[in-house]
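# Notes for the structure review
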Amino acid sequence: MLGVCYYPEQWPEARWAEDARLMRECGLEIVRIGEFAWSRIEPREGAYDWAWLDRAVDTLAAAGLKLILGTPTATPPAWLTQRHPDVLRVGADGRRWSHGGRRHTCPTSAVSGTYAAYSRQIVGAMSERYGTHPAVVAWQIDNELSNHATGRCYCDQCRAAFQRWCCGRYGSLQHLNEAWGTSFWSQCYSDWNQIPVPSDPVGGGHNPSLQLVYRRFSSDTHVQLVRNQATILRQNSPGRTITTNVAPLDNELDWHAIAAEVDVMSWDNYPHGFEHPADVAFFHDLVRGFKRRSFWVMEQQAGQINWTAYNPPVPPGQVRLWTYQAMAHGAEQVLYFRWRASRYGQEQYHSGLLNHDASFAQGYYEAQQVARELVDQPPIERCPAEVALLISYPDAWATEIEPHHGDFDYWRMARTIYRDFWLRGINVDIIARGDDLHQYRHVIPVAPLLIDADEAEQWRAFVRDGGKLTLTIRSFVKDQDNVWTDQSLPAGLTNLVGGQVVQWYALPPGVTARYEHETSGSITVPIWIEDIQSDHPDTRLQYVARSVPGLSQVTSLRSQAHGPHAGSAEYVGVYPPDPSSGLFSTISFPGTNRPASPIAGTLEQISLMAGELVLNHAAVEQSSSAEEQMLPPFGVSIARHSQSGAHRADHT
């Protein structure tokens, strides 16, 4: 289903019916409204103006459009923040934010303070009025939680709430002091009120345990925010889908925990905010993994955006291609952002399906083309993946707190491994550590820094049952409080992989190691390598590090499990190299070919249940091994299978 984001409060009411008509002519079926309209709905405290929104809802519904209503709590009205400045967020520098943007409120206040009371009122009032309207099919809770680096607040409310949260988590100060190792630098606490929030400045940096635990607390606070609103919406609007949307690269919250509170997850897809088309695919698969089901693209880039460094134009065909890419990775709804380019505010250079003067933009024609093509086309359903990347937000936070190398980035590492498979057209799931693994052939936990004994046993069972496990660098190094283990690394898994890490090397800029792989050949390795001592006869991978003296020859191990369906466990002790090397994909599928695309990384091939989708992300014509024809710039082609063989339905 295709749709659009619309802001009736920003346009003359006389225009609404015409907009609704043009939406239907474009083939759009669903519209999101309301997520930034609080000051129009409640211009003064307790004085609601529903008349304009009633007319907007009825006008869109009369055109046959379904509605997603957004709760407007991302942007409180000025009267609220003026009357209650304590609801405003305090940054790590100790300065209270001002009114005028968005996401400027304190999450603790939104859960248990002043802002929570006002949020309950507006969400309750909206859902009571429109909750059973036949055109309203879904609710979006808030908007882009933690966007603009707003996942953490450092005000007095948050500090007090954090201290209470710590008391509930640890039970006693003795337990907390032991867990955090507060004997270091005389940090022992004798009263809960002494526990600080990790704001700036502080000499030498805050305790890594305090920093990680504060991130857990801040994420839990946002989970409670979503839960509180979802409870109201389910009561007042039964049977409607509840979602919330994540902005790309917003990693301050544990989105797996937030996803558990809603019916479906959504994300806002702006490909020009990414370095590579594989990164867009990565985030589609990441969001699908939040609930391990189809997802929604709540905002799909429909033209130029306004917030990157250079904001290039969008060539013809690209909006259509992005739409097919989203659907092939599991999007069941794609809503374009936005309907019409705004004449005012912070997004005046942000394109829409209509231009500022209401003329049709290129995105309108491409959305219309996709809508027409989908009428007679079977569903685009991706084949199940045999490979899974396991990710964890606490692992990412702990790595960010102590990267040990200026270029070590958890999410870049994950995307690099993912792109290895993407280049070869191999479907990959991205799921949470601890999720069920039975459907996969190969599982790769991404830098699983934090030790979990239950997951270690799960991985052993996976290997005993015939699975292939590949552990990466920085595996099982610290406990859940971000304290280094006293066991050999990877802690609790040395018997599984047949050896232990005895040293690690953060390679300075310009220094690399040579890594000799039995199927991928000699590979250049950047950033990080680990020296492994083997106690198992089957040492599979080696490197020669001519520029890094003092290293032994073994950096990766593979051990065979014992059992009726034995699999293997492998430890790869290097930072992921250039994806074109095929290091991880050849571990999964020995003999996998190198990419066939003449322009590296611009041809995406996605295995479907009924064929294959090929997307040309390049601005030039090219072909692939799966296609006998040339694809034009930003072309899309679907090769479908039938009982008598393969036939091709080409959309170019």
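Whatever comes next refers back to the structure up there.
Note that the structure is a prediction, hence the values are computed from the model and not measured.

### Notes on the overall build of the chain
When its secondary structure is counted, the chain shows 18 helices and 23 strands. For 652 residues, the compact-globule estimate of 2.2 N^0.38 gives 26 Å, and the chain sits close to it at 26 Å. Overall size of the chain, expressed as C-alpha extent along the three principal axes, is 75 × 75 × 45 Å. Burial statistics for the chain: of 652 residues in total, 60% are counted as buried. Within the chain, counting contacts between residues at least 6 apart in sequence, those at least 24 apart form 69% of the total. As displayed, the chain has an accessible area near 25,100 Å², and 49% of this comes from carbon and sulfur atoms. The averaged location of the 71 negative side-chain charges in the chain is 3 Å from the averaged location of its 53 positive side-chain charges.

### Considering unusual backbone geometry
Of note, the amide linkage connecting Phe337 to Arg338 takes the cis form, showing an omega dihedral of -5 degrees. With respect to the secondary-structure elements, Arg338 resides in the loop between strand E8 (331-337) and helix H13 (362-375). Looking along the chain, the bond that leaves Leu489 and enters Pro490 is cis, with omega of -5 degrees. Among the secondary structure elements, Pro490 is positioned in the loop between strand E12 (468-471) and helix H17 (494-497). Notably, Arg103 is not glycine yet its phi reads approximately 60 degrees, a positive angle. Within the secondary structure, Arg103 is located in the loop between helix H4 (78-83) and helix H5 (107-112). Phi is positive for Trp185, close to 60 degrees, though the residue is something other than glycine.

### Thoughts on the pairing of strand E7 (residues 295-301)
When you tally the buried positions in E7, you get seven out of seven residues, the bulk of the element. Note that strand E6 (residues 264-269) and E7 share four bridges and pair parallel. Across the sheet, Ser266 pairs through a bridge with Trp296, a residue of E7. For the segment spanning E6, helix H11 (residues 277-291) and E7, crossover handedness is right-handed. In this sheet, E8 lies alongside E7 in parallel orientation, the contact comprising five bridges. Paired with Phe295 across the bridge in E8 is Ala331. Taking the sense of rotation as the criterion, the β-α-β connection linking E7, helix H12 (residues 318-328) and E8 turns out right-handed.

### Quick notes on the pattern of salt bridges
Counted under the stated rule, the structure contains 29 salt bridges. As a salt-bridge pair, Arg102 and Glu144 come within 3.2 Å of each other at their nearest N and O atoms. Here Arg102, found in the loop between H4 and H5, pairs with Glu144, found in the loop between strand E4 (136-140) and helix H7 (156-170); they are 42 residues apart in sequence, far enough to count as distant. Judged by its relative accessible area of 23%, Arg102 falls in the partly exposed class. Here Arg293 makes a salt bridge to Glu332, at a shortest N to O gap of 2.9 Å. Placement of Arg293 in the loop between H11 and E7 and of Glu332 in strand E8 is noted, with a sequence separation of 39 residues between them.

### Concerning helix H3 (residues 51-62)
Here H3 is 12 residues long and its end C-alpha atoms lie 16 Å apart, about the 16 Å a rise of 1.5 Å per residue gives. Within H3 the residues assigned to the buried category are Trp52, Leu53, Asp54, Ala56, Val57 and Leu60. On the buried face of H3, the contacting elements are helix H1 (16-26), strand E2 (30-33), helix H2 (38-41), strand E3 (66-70) and helix H6 (114-130).

### Topic: the packing of aromatic side chains
Applying the stated criterion across every chain, the model contains 33 aromatic pairs. Plain terms: the ring middles of Phe274 and Phe283 are 5.1 Å apart, the flat faces sit at 40 degrees to each other, and that makes the pair tilted. As far as the burial class goes, Phe274 and Phe283 line up, both buried. Following the ring pairs from residue to residue traces out a cluster consisting of Tyr7, Phe36, Tyr270, Trp307 and Phe337. In this arrangement the basic side chain of Arg40 is found over the ring face of Trp52, its NZ or CZ atom lying 4.6 Å from the centre. Seen from the ring of Trp97, Arg89 lies directly overhead, with NZ or CZ sitting 5.7 Å from the centre.

### Examining the environment of Thr132
Among the structural elements, Thr132 can be located in the loop between H6 and E4. By relative accessible area, which is 56% here, Thr132 ends up exposed. Considered as a pair, Thr132 and Gly239 are 107 residues apart in the sequence and their alpha carbons are 8.9 Å apart. Not counting the four nearest positions on each side in its chain, Thr132 is found in contact with Asn236 and Arg240.

### Remarks on the packing of H7 against helix H8 (residues 173-180)
Between H7 and H8, the least distance of the axes is 9 Å, while the angle of their chain directions is 90 degrees. Considered as vectors, H7 and H8 are oriented roughly perpendicular to each other. Touching Phe162, Cys166 and Tyr170 of H7 are His175, Leu176, Ala179 and Trp180, all from H8. Here the contact of H7 with H8 is built from residues that sort into six nonpolar, one polar and no charged.

### Details of the side chain of Thr75
You can see Thr75 is positioned in the loop between E3 and H4. Excluding its chain neighbours within four sequence positions, the residues that come into contact with Thr75 are Glu35, Phe36, Trp38, Gly101 and Arg102.

### Describing the environment of Ser98
Position of Ser98 relative to the elements: it lies in the loop between H4 and H5. Filtering out sequence-adjacent residues up to four positions away, Ser98 remains in contact with Leu88 and His104.

So, how was this worked out
Residues numbered from 1 in each chain as written. Predicted model: local features only at pLDDT ≥ 70, side-chain atom pairs only at ≥ 80, totals over all residues. Heavy atoms only, no water. Helix = DSSP H or I, 4+ residues; strand = E, 2+ residues; numbered from the N terminus. Rg over C-alpha atoms; globule rule 2.2 N^0.38 Å. Buried < 20%, exposed > 50% of the residue type's maximum accessible area, 1.4 Å probe, protein only. Contact = heavy atoms within 4.5 Å. Areas by Shrake-Rupley, 256 points an atom, 1.4 Å probe, with all protein chains shown as cover. Lys, Arg positive; Asp, Glu negative; His and termini not counted. Charge placed at Lys NZ, Arg CZ, Asp CG, Glu CD. Pairing = 2+ DSSP bridges. Right-handed = clockwise from strand over helix to strand, strands pointing away. Salt bridge = Lys/Arg side-chain N within 4 Å of Asp/Glu carboxyl O. Expected span 1.5 Å × (residues − 1). Phe/Tyr/Trp six-rings, centres within 6.5 Å; stacked < 30°, edge-to-face > 60°. Lys NZ or Arg CZ within 6 Å of the ring centre and 35° of its normal. Axes fitted to C-alpha atoms, helices over the stretch in contact; angles between N-to-C directions. Parallel < 35°, antiparallel > 145°, perpendicular 65-115°, else oblique. Nonpolar A, V, L, I, M, F, W, Y, C, P; charged D, E, K, R; others polar.

Any functional reading would require information that these geometric values do not contain.
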